[in-house]
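# Structural characterization, general
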Amino acid sequence: MATVDYALEIKGLSKSYRDFKLNDVSFALPKGYIMGLIGPNGAGKTTVIKLILNLLRREGGEIRVFGRDNREDEVEVKRRIGFVHDTPFFYDHMTCRRLKDSVAPFYRDWDEALFRRLMEEFDLPLGKRFSRLSRGMKMKFSLALALSHNADLLVLDEPTSGLDPVFRRELLGRLSAFLQDGGKSVLFSTHITTDLERIADFVTFIRDGAVVFSAAKDEILERWAVVKGGPELLAEEHRGLLQGVRKREFVVQAVSADAAEARRRLGKTALIERASLEDIMFYLTRGNGHA
Amino acid sequence: MLKLCWKDYLACRWIWLLALLIFGLNAVTPMGWFSLAYMLMGAALVFGCLLIMVVIEDKNKTETLYGSLPLKRSTIVRGKYLLALLLTMAGGIVVFGGVFLISRIAKAPQLKMDPRLMLSFDGAVGYGLVVIGIIALYLPFYLGFGLARGSFWFSAAVMALSLALFGAERFLARTLLSRAAILRMSVDEDIGGAFIRLIGSLRESVGVPAFVLLVALAAAIPAGLSLAISIRLYQRREF
């Protein structure tokens, strides 16, 4: 049952391609928070985002934005979403001013003064052709458009990929500022997990088209641990406790979704460290499954 | 929908201007001073402008951008048809204006190739039906399958249709209408003029009210059918 407390609710989402399947994806983003959507390349992050924007046809499941179905109430839902695609799709030969002129009329809450202020803040010249902007500038321009129509939910697909750290920090700061205006929410897909550790409240990890976990970031970082030890970690009794096992000659490394239990059972024989989001993603993607 | 036409105008206006200049250059060459050339050039101008929009859209993948905006897919499709209609009207002004100017400048155009035939109600009907027919055939392919596949299937459809029309013409020529003007032409005759005269004879034979109704149906049925198919196909597109 959808409630208005969620900016975004996805239940049992599925979509198939010849060589890829998004399978029973479910997660929910409460209003007023930032959720990071992480996963390796090809995990299905962009597919989920395109399904939210109704650019792809879902085969099953449900997508609700502020309690409304994204297909039945497509126009109203999209009016409340500000989006940034991983590749900015704009007319290359047009100037930023003309591009804005071609997009702004579709939003009844377009804030021209805010747009101009953002363009100044981002050092973006209105009269410059889009093709002459660097990737970072293109992303900034997309973000300026996404922020200028008083969207309640920002959906950003890999906005920091390929960008320098200065702009990444600037973007994260801008997103935090966006959230200060109560009730706004952000879904942020990335494989640069350090960005999320700075700002995300919730994290959803997708791998091979399926959700591995979706929870509050602090809970994830508290719950997960990296376990390093000898071949004894491969013992049958540890099956289920360890995931993403990587074996080298005399060293076995893995992550555990139950740090407390791992400490209790393996604390004397193995090294147990706090896991970062990157650790979790790395082991679960590159490791060999369970111990 | 006008907003969609506006964004296409912003994206294409300079290239459309270039197309207009090319049309103008062709229009002032004596080779083009006959009705069929004007009719085809007019259709090519409108269709060309539409293709320019389509190619620019495809090159920049802006369907993803505009598909993400607060718009229904059916609205996007209707926007394309409205743009096509506006281009047809603008193309008509250019074509008929061009014919008017040429007919003033040209001293003695050959009687069989007199472009002034275009400057009539029948000429306008001929131009409109040709342009609407081409666009109504093209847009479902483009909107349903994208530029590359859509253009391929459109070309195949045009060839199939041409063969069917040619076959029908041969059949009619041998059986029922062996004396009809349009079917007895050689290459040096103005087929466009004959087409317009054929429209004129139809108007005279059925009377103006019935003729207007027939023309409206001949334009509305393919256009409406094309729009319905395009909407259905575009709903299935993925970006």
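Note that this is a predicted model, so its numbers are computed, not measured.

### Quick notes on the overall build of chain B
Across its full length, chain B holds eight helices and zero strands. Buried positions account for 33% of the 239 residues belonging to chain B. Sequence separation of 24 or more characterises 77% of the internal contacts of chain B that already satisfy a separation of 6 or more.

### Topic: helix α9 (residues 259-266) of chain A
Residues lying three or four places apart along an α-helix face the same way, a consequence of the helix completing one turn every 3.6 residues. All names here are of chain A. For α9, the set of buried residues is A259, A262 and L266. Seen end-on, α9 carries its buried residues on one side only, within an arc spanning 60°. Its buried side turned inward, α9 meets α8 (217-223), β11 (225-229), β13 (252-256) and β14 (271-274).

### Overview of unusual backbone geometry
Residues and elements named next belong to chain A. Positive phi is not limited to glycine here, since D24 has a value of about 50°. Its identity as a non-glycine residue notwithstanding, F66 has a phi of 50°, on the positive side. With respect to the secondary-structure elements, F66 resides in the loop between β4 (60-65) and β5 (68-69). Here F66 falls in the buried class, since 21 other C-beta atoms lie within 10 Å of it.

### Considerations on the interface of chain A and chain B
Residue-level contacts link 22 residues of chain A with 20 residues of chain B. Secondary-structure elements contributing two or more residues to the side of chain A that touches chain B are α2 (74-79) and α3 (96-103) of chain A. Classifying every residue of the side of chain A that touches chain B by side-chain character gives 13 nonpolar, two polar and seven charged.

### Thoughts on the sheet that holds β13(A)
Residues and elements named next belong to chain A. With antiparallel pairing, the four strands of this open sheet are ordered in space as β12-β13-β11-β14. The open sheet has two edge strands with one neighbour each: β12 (243-247) and β14. Sheet twist, expressed as the mean angle between neighbouring strand axes with direction ignored, is 20°. Judged from the three bridges that link them, β12 and β13 form a sheet pairing that is antiparallel. Counterpart to R246 in the pairing with β13 is Q253. Along the sheet face, helix α10 (residues 277-286) touches β11, β12 and β13 and points at about 75° away from the line of β12.

### Remarks on the sheet that holds strand β2 (residues 21-30) of chain A
Residues and elements named next belong to chain A. Pairing is antiparallel across the open sheet formed by four strands, whose spatial order is β2-β1-β4-β5. Of all strands in the sheet, those with a lone pairing partner are β2 and β5, marking the two edges. In this structure, strand β1 (residues 6-16) lies alongside β2, joined through seven bridges in antiparallel fashion. In the sheet register, L8 faces β2, and the bridge partner there is L29. In the packing of helix α1 (residues 45-52) onto the sheet, contacts are made with β1, β2 and β4, and the angle to β1 comes to roughly 115°.

### Some details on the domain arrangement of chain A
Residues and elements named next belong to chain A. Looking at the assigned domains, one finds that chain A contains domain 1 (6-217) and domain 2 (224-286). Computed from C-alpha coordinates alone, the two centres of domain 1 and domain 2 are separated by 34 Å. The interface of domain 1 with domain 2 comprises ten residues on the first partner and seven residues on the second. Within the residue set of the side of domain 1 that touches domain 2, elements represented by two or more residues are α7 (193-199) and β9 (202-207). Among the elements that line the side of domain 1 that touches domain 2, the one with the most residues is α7, at four residues. Looking at the side of domain 1 that touches domain 2, its residues break down into six nonpolar, two polar and two charged.

Cut-offs and rules
Residues numbered from 1 in each chain as written. Chains lettered and ligands numbered in written order. Predicted model: local features only at pLDDT ≥ 70, side-chain atom pairs only at ≥ 80, totals over all residues. Helix = DSSP H or I, 4+ residues; strand = E, 2+ residues; numbered from the N terminus. Buried ≥ 20, exposed ≤ 12 C-beta atoms within 10 Å, placed from the backbone. Contact = placed C-beta atoms within 7 Å. Arc of directions from axis to C-beta. Nonpolar A, V, L, I, M, F, W, Y, C, P; charged D, E, K, R; others polar. Pairing = 2+ DSSP bridges. Axes fitted to C-alpha atoms, helices over the stretch in contact; angles between N-to-C directions. Domains from an automatic or database assignment.

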